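Given next are the chains, with one letter for each unit.
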Amino acid sequence: MASGQTIAIILAFIGVGLYFTTLPVPEKLQNPWTLRGMAAVNFIKLPLIIAIILAFIGVGLYFATLPVPEKLQNPWTLRGMAAVNFLTSRIPESWECFIWKTIRGDYFQAVTRNITDTHFDGVPVRIYQPLYKPQSSLPAIVYFHGGGWVRWDVDFFHGQLKSFSTQIDQVVLISVEYRRAPEHKFPAAIDDCTDATLYFIRHAKDHHVDSNRIAVMGDSAGGNLAAAVSQRLTFDAKYKDVPKLKLQGLIYPCLQAFDFNLPSYQQHGHHVAVPLTKSKMTWYWSLYLQGNDELVKYFATNNHTSSTAKKSCIAELVSHDHIPNKFKYGEYVPPESNDFGEEDVFESIKKTLLNPDFAPLMRTDLRGLPEAYILISEFDVLRDDGILYGHRLEEAGVKVTQKHYDTGVHGMMAHSGYSSAFNLYQMEVAVEARNDLVNFVRKHL
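Report follows, based on the coordinates. Bear in mind that the values here come from a model prediction, so they are computed numbers and not experimental data.

We now examine the pairing of strand β5 (residues 209-219). Direction of pairing for strand β3 (residues 138-144) relative to β5: parallel, over a ladder of six bridges. Its bridge partner lying in β5, Val 142 is registered against Val 216. Pairing of β5 with strand β6 (residues 247-251) involves five bridges; the strand directions are parallel. Bridging across to β6, Val 216 finds its partner in Gln 248. Viewed along the sheet, the connection from β5 through helix α7 (residues 221-235) into β6 turns out right-handed.

What follows is the structure, given as structure tokens:
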């Protein structure tokens, strides 16, 4: 059927082309082919204009009527974000970055920081420092940006981090430009983040920073990297003489790829209006793990782990039993059987899948890690990753502050109104979350 339609379309174009190329033109005219071309354009112009208008109306109606979870405070903001994501996903990333930075008001910010681009042990970084030289050593944050290990860069997060460091005030912030998948799959990103953090700790005095008051922080995939760096520097013997991290800040982090059927994946993984869907998250994990999307179909059905693995002590690390019942609502269905899974697939990926550098929730012993701040959004497939990690950190005796926002969505910190001059997509819950994080850092770092 498809080939017949293709042939029909081709024949139609040939017929229209022949019609206009043989169109009679008065003999005296000097540019007969120009006239024939103008006639052809006029022929298609009106239908084309009508088609474009109808397409815009159709897309507008689709997003204007997009279902949004009832509890959310800003349904039109989410619909607008979904529409922009839909449109910008089809253009180069540099253009997409420009559009989002314009919407968020990044280009309207005042100069509030001294900003330097440099390299730490070969890794590109951007340093945000107070405008005036401090009288004493400052605390510092090493920040790893989100984007599924695949998208975005320090420029995309520039406005957000400049404003964040300014609000904290007396702090130095380092934004790390780690290598991204699929060109650079695991462990490129975690290696870059580790190298940059170690270099900064060892050269803290050069930046007027107290090496005993350094935190790592990140959002989404960056939260994964922050947790993994914390674990590396805590448990790897070769770093035993390095000053310990003071804090780890995990902002809606992704921490495991073992179970994509957790309650939050079931409840929020299919909402088009929610910024991060199950299909998108599994795509990111696949690209990060092996540089292509071949694992997505297995991740989507939890067939990437074997039946034996699902019944082992490994599965206990992400057991649904550790998630409070108040989060098991709506579309959640408890696992009925573990008798499924592709043994061959699991065998081919288990070395990475169970590696704490790749998935920090897979580490069995978390004792000794630095104090943690975990920011959790309710309408987020990654909600339960944060809940599970917080639970296990507390069990290990690590001091944990978990902040759960019951109207929050994934990625909301980018819409926390940090540019007072111009911000179309400010969300009240994001402003609250941002202020809570700033106050915590001021008090604990």
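Having seen it, we continue.
Let us look at the nonpolar core. Counting residues in hydrophobic clusters, the biggest one holds 82 residues, and the most contacted among them are Phe 144, Trp 149, Val 176, Met 281, Trp 285 and Tyr 389. Dropping the residues within four chain positions of it, Tyr 389 is found in contact with Ala 227, Gln 231, Gln 248, Leu 250, Leu 255, Pro 360, Leu 361, Leu 366, Leu 369 and Ile 374.

This paragraph deals with the environment of Ser 175. Counting through the fold element by element, Ser 175 comes out in strand β4 (residues 172-176). We classify Ser 175 as buried; its relative accessible area is 0%. Separated by 58 residues in the primary sequence, Ser 175 and Asp 117 place their C-alpha atoms 9.5 Å from one another. The contacts of Ser 175, once residues within four sequence positions are left out, are Pro 124, Val 125, Arg 126, Tyr 128, Tyr 143, Val 154 and Leu 161.

Applying the stated rule across the entire model yields twelve salt bridges. Across the pair Asp 117 and Arg 126 runs a salt bridge whose closest N-O atoms are separated by 2.6 Å. As a salt-bridge pair, Glu 347 and Lys 350 come within 3.4 Å of each other at their nearest N and O atoms. Linking Glu 347 with Lys 350, this pair stays in helix α13 (residues 343-353), spanning three residues, or about one helical turn. Residue Lys 350 is classed as partly exposed on the basis of its relative accessible area, which comes to 32%. Members of the salt-bridge network, linked through shared partners, are Asp 117, Arg 126 and Asp 155.

Further remarks concern the packing of aromatic side chains. Tallied over the entire structure, the rule returns 14 aromatic pairs. Judged by centre distance (3.7 Å) and plane angle (10°), the ring pair of Trp 152 and Phe 156 falls under stacked. Classification of Phe 156 by relative accessible area gives buried; the value is 7%. Each ring, one from Tyr 288 and one from Phe 358, has its centre 5.4 Å from the other, and the planes form 15°; the classification is stacked. Linking Tyr 288 in helix α9 (residues 278-290) with Phe 358 in the loop between α13 and β7 (371-379), this pair joins segments that are 70 residues apart in sequence. Given a relative accessible area of 0%, Tyr 288 falls into the buried group. Given a relative accessible area of 0%, Phe 358 falls into the buried group. Ring pairs connect the aromatic residues Trp 149, Phe 186, Trp 285, Tyr 288 and Phe 358, which therefore count as one cluster. Over the face of the ring belonging to Phe 340 we find Lys 310, whose NZ or CZ atom lies 4.3 Å from the ring centre.

Together, Ile 49, Ile 50, Ile 53, Leu 54, Ile 57 and Leu 61 make up a nonpolar patch on the protein surface, roughly 560 Å² of accessible area in all. As for its position among the elements, Leu 61 is in helix α2 (residues 32-64).

Our next topic: the sheet that holds β4. If you trace the eight strands from one edge of the open sheet to the other, you get β1-β2-β4-β3-β5-β6-β7-β8, paired in mixed fashion. Of all the strands in the sheet, the pair left with one neighbour each is β1 (114-120) and β8 (400-409). Averaged over neighbouring strand pairs, the angle between their axes works out to 20° when direction is ignored. The strands touched by helix α5 (residues 158-168) within the sheet are β1, β2 (123-129), β3, β4 and β5, with β2 carrying the most contacts at an inclination of about 40°.

Note that Thr 305 resides in the loop between α10 (296-300) and α11 (307-310). For Thr 305, the residues in contact, after removing those within four places along its chain, are Phe 258, Lys 310, Phe 340, Gly 341, Glu 342, Phe 346 and Leu 353.

Reading guide: rules and limits
Along each chain, the written sequence defines residue order, and numbers are assigned to residues from 1. Two thresholds apply to this predicted model, a pLDDT of at least 70 for residue-level local features and 80 or more for giving and counting side-chain atom pairs, whereas whole-chain, interface and lining totals are computed over all residues. Heavy atoms from the whole structure form the basis of all side-chain values; hydrogens and water molecules are not counted. Any two strands are treated as partners once DSSP identifies two or more bridges connecting them. By definition, any uninterrupted DSSP run of H or I lasting at least four residues is a helix, any uninterrupted run of E lasting at least two residues is a strand, and each is numbered from the N terminus. Here is how to tell: hold the view so the strands point away, follow the path from the first strand over the helix to the second, and if it runs clockwise the crossover is right-handed. Among the buried residues, those of types Ala, Val, Leu, Ile, Met, Phe, Trp, Tyr and Cys that are joined through side-chain atoms within 4.5 Å form a nonpolar core. Think of it in three bands: with a 1.4 Å probe and only protein chains considered, a residue is buried below 20% of the maximum accessible area for its type, exposed above 50%, and partly exposed in between. By definition, residues are in contact when any of their heavy atoms lie within 4.5 Å. Salt bridges are defined by distance alone: a side-chain nitrogen of Lys or Arg within 4 Å of a carboxyl oxygen of Asp or Glu. Pairs were defined over the aromatic rings of Phe, Tyr and Trp, the Trp ring being its six-membered one, requiring ring centres within 6.5 Å. Orientation was assigned from the angle between planes: stacked under 30 degrees, edge-to-face over 60, tilted for the rest. In our convention, an over-ring charge means Lys NZ or Arg CZ found within 6 Å of a ring centre and within 35 degrees of that ring's normal. Without a salt bridge and with relative accessible area above 30%, a residue can belong to a patch; like charges are then joined within 9 Å and nonpolar side chains (Val, Leu, Ile, Met, Phe, Trp, Tyr) within 5 Å. Here the Shrake-Rupley method, with its probe set to 1.4 Å, supplies the accessible areas, and only the displayed protein chains count as covering residues. Lines fitted to C-alpha atoms define the axes here, with helix axes fitted over just the stretch in contact, and angles between the N-to-C directions of these axes take values from 0 to 180 degrees.

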